[in-house]
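Secondary and tertiary structure notes
Now for the letters of each chain:
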Amino acid sequence: MRRGPLVRLSRVSPYLTVGGVVLAGVILFVAAMGVRLILAPRAPTAAKLTTYECGVDPVGEGWAQTNVRYFLYAFLYVVFAVDAVYLFPWATVIRSSELGLASLVEMGIFLGVVLVGLAHAARRGLLRWV
Amino acid sequence: MPSVGLVNDDAPRPIKIVLNWGRRYSLWVFNFGLACCAIEFIAASMARHDFIRLGVIPFAPGPRQADLMVVSGTVSDKMAAAIRRLYDQMPEPKYVISFGSCANSGGPYWDSYCVTKGVDQLIPVDVYVPGCPPRPEALLQGIIRLQEKIASESLSTKAIRAKYAGSRHAAAGEVTRPLLTKPQLTASQAGDQS
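Presented here is a report on the structure given in the accompanying data block. The structure displayed is predicted, hence computed values, not measured ones.

Things to note about the overall build of chain A
If you tally the helices and strands in chain A, you get four helices and zero strands. For chain A, the α and β elements follow one another from N to C terminus as α-α-α-α. Here the C-alpha radius of gyration of chain A, 26 Å, is well above what a compact globule of 130 residues would show, namely 14 Å. Considering only C-alpha atoms, chain A reaches an extent of 65 × 60 × 20 Å along its principal axes. Per-residue burial over chain A gives 14% buried out of 130 residues. Separation of charge centres in chain A, based on 12 positive and 6 negative side chains, amounts to 15 Å.

Here it is, written out as structure tokens:
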């Protein structure tokens with residue numbers, strides 16, 4: 001009995017799958033913007049293009065500065081989220097014979113560096129609930 | 001130049017029916033609540049007289065995300081400029097419901113020194129909902145009437161150009177403001193300035 005398309009799909013290169021997903025995304029975007037181009041009415045008057053400020057003329061510049069203390073959110077984000085991104089692909093190779101041990105040592109160094117940052121944040125009391 | 005996309009202009013009737021169907025059941029309302037009628041509008045958006053079941057999503061964050069503007073309440077002369085500016089900032093296609101007698105024609109303040117007698121002096125209105133204040137069911141009927149109106153409409157480049165013809169694209173201030181010139185200083189005045 002032929003095992004047909006199911007077997008053929010598993011032989012498809014994973015890069016082809018990723019390419020297919022990217023292509024689907026691009027097609028979706030182009031289709032949406034294209035439909036907008038052929039359907040949407042547009043009337044760009046001067047008043048319509050002014051900056052929104054609750055119905056009055058906008059004053060001042062559009063640039064607003066945030067306080068530098070919020071850098072701590074970026075710092076904790078790097079510690080938790082960016083390093084999680086590197087942990088996921090490591091999980092796929094840790095059991096392989098040629099990469100497993102080497103990757104363990106390398107990831108140990110990487111996690112050590114990240115943990116120094118986390119320890120600093122803990123010492124500063126940043127991990128206590130605000 | 002204002003224009004409508006090709007498909008909208010030259011589409012056969014069945015396509016226009018489908019597009020009108022999509023447009024009338026996906027209105028996002030920019031509530032311009034000014035006075036007591038705003039309370040009735042909020043009541044119409046709540047559980048008992050829900051207008052979300054008509055497809056109208058309430059409380060758009062701003063004019064740029066809205067296609068229906070419900071002017072509910074008394075329009076004072078001071079507020080008139082803001083109403084005009086916010087209507088201008090809404091993207092096409094846009095609709096206006098005038099809710100309550102103050103927005104229709106000034107209502108009980110028909111003789112006041114500072115009330116704009118009817119929001120249709122500022123912006124084109126599609127549906128008028130009379131009442132002081134109208135019941136929430138009246139707003140529901142107004143929305144249904146607007147949806148019937150949208151079902152029978154046909155967007156075209158000619159219509160949108162007629163809407164923005166001449167000086168209708170600007171409020172009075174924007175038309176007259178560039179006409180002012182700074183007064184020329186005489187030599188003695190210029191000497192005082194420096």
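Overview of the interface of chain B and chain A
The interface of chain B with chain A comprises 28 residues on the first partner and 19 residues on the second. Of all residues in chain B, B:R64, B:R85 and B:Q89 give up the largest surface area on contact with chain A, accounting jointly for 26% of the area buried on that side. On the surface where chain B and chain A come into contact, there are two salt bridges. The partner of B:R85 in a salt bridge is A:D57, and the shortest N-O contact between them spans 2.8 Å. For the pair chain B and chain A, the interface holds eleven residue pairs in polar contact (both at pLDDT 80 or more). Taken together, the elements giving at least two residues each to the side of chain B that touches chain A come down to α1 (6-10) and α4 (77-89) of chain B. Of all the elements, α4(B) adds the most residues to the side of chain B that touches chain A, at six residues.

Structural notes on the packing of aromatic side chains
Residue and element names in this part refer to chain B. Using the criterion set out here, one finds six aromatic pairs over all chains in the structure. Measuring from centroid to centroid gives 5.3 Å for F41 and F51, while their planes differ by 55°, and the two rings are tilted. Of this pair, F41 sits in helix α3 (residues 36-45) while F51 is found in the loop between α3 and β2 (68-72), placing the two residues ten residues apart along the sequence. Pair check on accessibility: F41 and F51 agree, each one buried. When the centroid spacing of 6.4 Å and the interplanar angle of 70° are considered together, the rings of F41 and F59 count as edge-to-face. Here F59 lies in the loop between α3 and β2 and F41 lies in helix α3, a separation of 18 residues in the sequence. One cation-aromatic arrangement involves K94 over Y87; the distance from NZ or CZ to the ring centre is 4.3 Å.

Some details on the environment of B:R84
Examined against the element boundaries, B:R84 turns out to sit in helix α4. A relative accessible area of 16% places B:R84 in the buried class.

Regarding the layout of surface pockets
Of the pockets and cavities examined, the largest pocket occupies roughly 530 Å³. Every residue lining the largest pocket is counted, 20 residues in all, and those nearest its centre are A:L39, A:A40, A:P41, B:E92 and B:P93. Split into classes, the residues belonging to the lining of the largest pocket amount to eleven nonpolar, three polar and six charged.

Looking at the environment of A:A43
In this fold, A:A43 is placed in the loop between α2 (14-39) and α3 (71-93). The class for A:A43 is buried, based on a relative accessible area of 5%. Linking A:A43 and A:A122, residues 79 residues apart in sequence, is a C-alpha distance of 55 Å. Every residue in contact with A:A43, bar those within four places of it in the chain, is listed here: A:K48, B:P2, B:E92, B:I160 and B:Y164.

Rules used throughout
- Residues numbered from 1 in each chain as written.
- Chains lettered and ligands numbered in written order.
- Predicted model: local features only at pLDDT ≥ 70, side-chain atom pairs only at ≥ 80, totals over all residues.
- Heavy atoms only, no water.
- Helix = DSSP H or I, 4+ residues; strand = E, 2+ residues; numbered from the N terminus.
- Rg over C-alpha atoms; globule rule 2.2 N^0.38 Å.
- Buried < 20%, exposed > 50% of the residue type's maximum accessible area, 1.4 Å probe, protein only.
- Lys, Arg positive; Asp, Glu negative; His and termini not counted.
- Charge placed at Lys NZ, Arg CZ, Asp CG, Glu CD.
- Contact = heavy atoms within 4.5 Å.
- Buried area = accessible area lost by both parts, 1.4 Å probe.
- Salt bridge = Lys/Arg side-chain N within 4 Å of Asp/Glu carboxyl O.
- Polar contact = N/O pair within 3.5 Å; in protein donor to acceptor, adjacent residues only side chain to side chain.
- Phe/Tyr/Trp six-rings, centres within 6.5 Å; stacked < 30°, edge-to-face > 60°.
- Lys NZ or Arg CZ within 6 Å of the ring centre and 35° of its normal.
- 1 Å grid on protein atoms, 1.4 Å probe; cavity = no way out; pocket = protein on both sides within 12 Å on 5 of 7 lines; lining within 4 Å.
- Points joined across faces, edges and corners; volume = space filled by probe spheres on them.
- Nonpolar A, V, L, I, M, F, W, Y, C, P; charged D, E, K, R; others polar.

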